[in-house]
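# Structural characterization, general
Each chain, written out:
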Amino acid sequence: MRLGLTLASAFMLCGCMAAISSVARAQPQMRDPTQMLERADLDGDGRITRAEYTEARSRSFEQFDRNKDGYLDKADASGRRFGRNRGGGGAGERLQQAMDFIDTDGDGRISRDEFVGGRAIMFDRADANGDNVIDKAEMRSFRDTIATYRDR
Ligand SMILES: [Ca+2]
Ligand SMILES: [Ca+2]
Ligand SMILES: [Ca+2]
């Protein structure tokens, strides 16, 4: 039960990243959470440290915050209807849930602190031994876990 909840949360977060990125710029590869993690390997040494992950989130924030007001909200989706891409009826609802999850102070927009400083659910999940580094073996087993859930 506990595990299920945590994974559900992780997918909400992933869903949000994918949705925001598809609004900001179509980047299909962002839909794969393991690839998102791999992109966080900023120095390319095959291991993702917590510091790299935080830095990567910070860069994503810059990218998504198109009007540079320091918040992610509907304004950054400019023109397109937020979360309503490709006729997927549940996408908007999932996005809303994800937004609510990240928007911890409930002001309807996501601040940098909320985005970057929020719980690193994906990272925590992948870092199986809790040493704040995702090594290659941990990345592999995380990918397997994701694949198991996706293939259901
Ligand atoms: Ca690295
Ligand atoms: Ca907020
Ligand atoms: Ca680790």
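## Topic: the overall build of the protein
Looking only at helices and strands, the protein features seven helices and four strands. In sequence order, the secondary structure elements of the protein are arranged as α-α-β-α-β-α-β-α-α-β-α. Long-range contacts, defined as pairs at least 24 residues apart, comprise 56% of the intrachain contacts of the protein with a sequence gap of at least 6.

## Things to note about unusual backbone geometry
Backbone geometry at Lys-68 places phi at a positive 55°, although glycine is not the residue there. Residue class for Lys-68 comes out exposed when judged on the 8 C-beta atoms lying within 10 Å of it. Even without being glycine, Asn-132 reaches a positive phi, approximately 65°. You can see Asn-132 is positioned in the loop between α6 (121–126) and β4 (133–134).

## Comments concerning the nonpolar core
Residues Met-36, Leu-37, Ala-40, Ile-48, Tyr-53, Met-122, Phe-123, Ala-126, Ile-134, Phe-142 and Ile-146 constitute the largest nonpolar core, which totals eleven residues. Among the secondary structure elements, those contributing two or more residues to this core are α2 (33–39), α6 and α7 (136–150). No other element matches α6, which puts three residues into this core. Phe-61, Leu-72, Ala-98 and Met-99 belong to the second-largest nonpolar core, a separate cluster that totals six residues.

## Quick word on the confidence of the model for the protein
Of the residues in the protein, 65% have a pLDDT of 70 or more, and the chain-wide mean is 75. Within the protein, β4 carries the highest mean pLDDT (98), whereas helix α1 (residues 2–24) carries the lowest (45). Within the model, pLDDT remains below 50 along residues 19–30, and this stretch shows 19 contacts once partners closer than five positions in the same chain are excluded. Long-range and interchain partners of residues 79–88, a stretch whose pLDDT sits below 50, account for 13 contacts in this model, where long-range means more than four residues apart.

Scoring rules and cut-offs
- Residues numbered from 1 in each chain as written.
- Chains lettered and ligands numbered in written order.
- Predicted model: local features only at pLDDT ≥ 70, side-chain atom pairs only at ≥ 80, totals over all residues.
- Helix = DSSP H or I, 4+ residues; strand = E, 2+ residues; numbered from the N terminus.
- Contact = placed C-beta atoms within 7 Å.
- Buried ≥ 20, exposed ≤ 12 C-beta atoms within 10 Å, placed from the backbone.
- Core = buried A, V, L, I, M, F, W, Y, C linked by C-beta atoms within 7 Å.
- pLDDT = per-residue confidence, 0-100.

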